[in-house]
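Residues per chain are reported as follows:
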Amino acid sequence: MRFKKHLPVAGLAAAIVIFQALTSLLGREYYLTQLTMAAYYCLVILGLTVLMGYAGQISMGHAAFFAMGGYTTAVLTTPDLSTSAHPLARLAIDLGLTVGDVNAFGDGVRHLSPWVSLAVAVLLTAGVAFLIGIPILKLKGHYLAMATLGFGIIVYRIVLGTALFGEADGISDLPPFGLAGGLTVSGDPGLRVQNYYIAAFLVVAGMVLLLNLIDSRVGRALRSIHGSEEAANAMGVDTSWYKLLIFVLSAVFACVAGVFLAHFNGGVGPSEAEVMKSVTYVAIVAVGGMANLWGALAMGMVLNYLSLRGYFGSYDELVFGGILIVIMLFFPEGLLGTENLKRLTGAAARLVRGKTAGGKHGIS
Amino acid sequence: MPFDQLLQYALSGVTNGSIYAIVAIGFNIIYNTTGIINFAQGEFLMLGGMTAISLSAFMPLPLAILAAVIITSCIGALIDFFFIRRLKSPTVLNMIIVTIGLSIVIREIALHVWDEKVRSLPYFTGNEVTSINLLGAYISPQVLWVLGISAVTVVFLGFFFKFTLTGRSMRACASNMTAARLCGINTGAMVTVSFMLSAAIGALAGCAISPITQTQYDCGTSLAIKGFTVAILGGLGNSTGAVIGGMVVGMLEAFSISVLPLAYKDAISIAILLLILFAKPSGLLGKKEAAGLKEF
């Protein structure tokens with residue numbers, strides 16, 4: 001039982017290492033850049049999968065939470081505090097909350113530590129998700145979709161129209177995020193492998209956390225809400241509390257992804273908050289099989305990677321739309337929905353049995 | 001605020017509101033017969049506008065618009081025929097994803113057929129600088145065209161659903177699909193008709209607003225979002241609600257510009273909408289149970 005549960009995670013970790021080794025051997029390490037970005041987007045998708053697939057609540061505004069993470073860290077860490085006379089800046093320096101850095105002109109500057117901005121971003125996002133979650137999660141179906149979409153549009157308009165957030169240009173020149181032990185999140189091509197593993201570690205950690213969550217008492221409560229909210233309520237499950245909890249959790253996942261990706265890219269722009277981004281996240285969750293974290297992860301990695309690499313050039317979105325339609329038409333449960341998985345494993349089992357029993361009749 | 005300025009804001013609110021109302025009615029027609037929120041609704045406006053612009057190079061304007069409406073409604077029928085019918089016992093989320101996929105595909109095809117240039121139809125009467133003085137407020141004659149076309153569409157639909165056999169059959173599908181089928185109504189055909197009708201209405205609206213707002217391959221998305229908002233605000237499936245909702249959103253937008261920066265226009269109107277929605281989750285004229293049904 002335990003073994004069965006840990007096996008896929010170990011497999012994921014192995015796949016991550018093998019892919020890195022392959023790209024390094026072949027001298028194609030630049031593939032890792034898009035893969036790192038795809039991994040951060042996958043964090044958003046994983047959080048959304050638990051919200052949509054297990055708790056049955058749609059959110060068409062998750063790009064807003066992602067943008068809140070990215071913009072909070074960008075606003076807090078870009079200003080140079082060493083020359084600032086603001087009492088808060090002095091206080092931050094005195095408390096040791098800043099990190100030294102060298103800017104493009106070779107001058108020494110002091111930025112607020114990204115750890116502080118990460119904490120602020122998480123608290124802010126959790127607070128906002130909590131406050132808007134209370135009224136929003138009372139709604140259902142199309143009305144819930146509309147309300148979360150509305151929240152996303154409001155955040156998009158605010159980042160697009162406010163000078164503090166750089167309006168249409170966004171914010172650039174984010175300092176690198178120095179983690180413990182010399183690990184750094186930044187866009188420096190020399191740190192590609194390191195950054196790939198940081199992102200991969202976050203995805204694996206998030207995956208383990210969510211897999212345990214859905215396997216716990218909370219997970220059972222969530223599934224009961226998805227089945228029938230009234231019945232769950234009657235059974236004594238505090239449905240509105242659990243819905244709120246999971247909404248906040250998935251918002252925090254998106255926020256953390258936003259913080260890390262902003263430091264990796266060295267910038268953040270309003271396109272991260274666009275409605276189409278949110279829609280894309282929802283679509284990937286549905287295409288991956290709704291209540292299936294592995295399906296969501298697989299579809300998220302593949303689709304994000306292909307689109308970030310510009311594999312299809314100007315036909316990129318067309319291909320994405322086409323994939324959505326085809327999967328929904330032929331695999332309405334998502335590509336890795338339970339029914340399809342059964343069919344696949346069944347086919348694989350038959351293939352293996354055919355090979356061992358039939359010998360030469362097997363596929364050679 | 002002086003009276004003429006007030007009137008000017010109100011007029012711009014009514015104009016935008018009537019466009020949103022038409023998009024919302026397009027949503028409602030399809031929602032009523034199928035339970036689908038068709039996220040490709042905004043693309044019908046774009047297709048109508050674009051096709052009419054291309055055709056107007058070869059033929060007189062009214063003919064180009066008529067042809068664009070017919071072509072777009074055929075595209076609506078094709079969408080139903082090739083995609084919606086293929087869905088076997090779909091969930092609401094399946095259908096939403098398919099229509100989102102369709103809207104992306106249509107938009108991207110339009111990008112490759114036309115390119116990303118901003119185009120517009122010529123003014124139906126007069127030109128950019130013609131304006132009519134109405135009690136101190138100035139309006140372009142095209143605004144009157146938009147208002148007129150919206151009003152005629154609403155009245156036409158009212159008669160269509162009340163007095164024609166097709167319209168009544170569609171209403172029967174709306175209230176109960178199985179019962180309608182048992183009564184001998186070809187429900188599949190009704191779904192096709194609803195797609196054609198909402199595509200045609202969208203295309204007509206797209207032509208009417210093209211001279212004022214310009215047409216571009218991606219102009220459908222924002223209109224669809226506004227139309228969706230209005231449809232929900234008015235109560236899904238309710239055409240009177242759509243008109244009232246459209247006016248509310250149009251007015252909120254118009255007057256929010258007078259107190260806050262233009263960049264926040266959408267944010268303000270949607271924030272107020274959300275407040276309304278929290279107070280009355282089924283929308284202004286929606287049935288109470290509608291908000292509880294149709295889950296994901």
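Residues numbered from 1 in each chain as written. Chains lettered and ligands numbered in written order. Predicted model: local features only at pLDDT ≥ 70, side-chain atom pairs only at ≥ 80, totals over all residues. Heavy atoms only, no water.

### Description of a nonpolar patch on the surface
Residue and element names in this part refer to chain A. Selection rule: Patch membership is restricted to residues that have no salt bridge and whose relative accessible area is over 30%. Joining uses 9 Å for like charges and 5 Å for the nonpolar side chains Val, Leu, Ile, Met, Phe, Trp and Tyr. The accessible surface values rely on the Shrake-Rupley method and a 1.4 Å probe; as for residues, cover is taken only from the protein chains in view. Should a side-chain nitrogen of Lys or Arg be within 4 Å of a carboxyl oxygen of Asp or Glu, the pair is scored as a salt bridge. Only DSSP runs of H or I reaching four residues or more are called helices, and only runs of E reaching two or more are called strands; each is numbered from the N terminus. Each residue is placed in one exposure class: buried if its accessible area under a 1.4 Å probe, protein chains only, is under 20% of its type's maximum, exposed if it is over 50%, and partly exposed if it falls in between.
On the surface, Phe130, Leu131, Ile134, Trp241 and Leu245 cluster together to form a nonpolar patch covering roughly 470 Å² of accessible area. At three residues, helix α5 (residues 114-136) tops the list of elements feeding residues into the nonpolar patch. As for its placement among the helices and strands, Trp241 is situated in helix α10 (residues 239-265). Since its relative accessible area comes to 43%, Trp241 is described here as partly exposed.

### A word on empty space enclosed by the protein
Filter applied, for reference: Grid points spaced at 1 Å and placed over the protein atoms alone form the basis of the search, with a cavity being a set where a 1.4 Å probe fits but cannot get out and a pocket an open set showing protein on both sides within 12 Å along at least five of seven lines. Lining residues have an atom within 4 Å of a point. Grid points are joined across faces, edges and corners, and a volume is the space filled by probe spheres set on the points.
Scanning all chains against the criterion turns up five cavities of 30 Å³ or more. Of the voids in this model, the largest cavity is the one considered here, and its volume is about 160 Å³. Lining of the largest cavity is provided by 15 residues; of these, Met276 and Val279 of chain A together with Phe39, Thr221 and Ile225 of chain B occupy positions nearest its centre. Going through the elements one at a time, α11 (275-288) of chain A together with α4 (92-114) and α9 (220-234) of chain B are the ones with two or more residues in the lining of the largest cavity.

### Some details on the interface of chain B and chain A
Threshold: Whether two residues are in contact is decided by their heavy atoms, any of which lying within 4.5 Å being enough. The term buried area denotes the loss of accessible surface (1.4 Å probe radius) that occurs when two parts are joined, taken as the sum for both partners. Pairing of N or O atoms within 3.5 Å defines a polar contact, subject to two protein rules: one partner must be a possible hydrogen donor and the other a possible acceptor, and residues neighboring in sequence count only if both atoms are side-chain atoms. Under this grouping Gly is polar, as are all residues other than the nonpolar Ala, Val, Leu, Ile, Met, Phe, Trp, Tyr, Cys and Pro and the charged Asp, Glu, Lys and Arg.
On the side of chain A, 42 residues touch chain B, which itself brings 47 residues to the contact. Roughly 3,800 Å² is buried in total at the junction of chain B and chain A, and carbon and sulfur atoms are behind 79% of that figure. In this assembly, chain B and chain A are joined by one salt bridge. A salt bridge links Arg157 of chain A to Asp266 of chain B; the shortest N-O distance between them is 3.5 Å. Inspection of the region where chain B meets chain A yields five residue pairs in polar contact (both at pLDDT 80 or more). Of the residues forming the side of chain B that touches chain A, the biggest block, 15 residues, is contributed by α4 of chain B. Among the residues forming the side of chain B that touches chain A, the class breakdown is 32 nonpolar, nine polar and six charged.

### Quick look at unusual backbone geometry
A negative phi angle is the norm for most residues apart from glycine, just as the trans form is the norm for most peptide bonds. You will see that Met290 of chain A, though not glycine, has its phi angle at about 55°, which is positive. One can find Met290 of chain A in the loop between α11 and α12 (293-308). Taking the relative accessible area as the measure of exposure, Met290 of chain A reaches 22% and is therefore partly exposed. Its identity as a non-glycine residue notwithstanding, Gln214 of chain B has a phi of 70°, on the positive side. One can find Gln214 of chain B in the loop between α8 (187-213) and α9.

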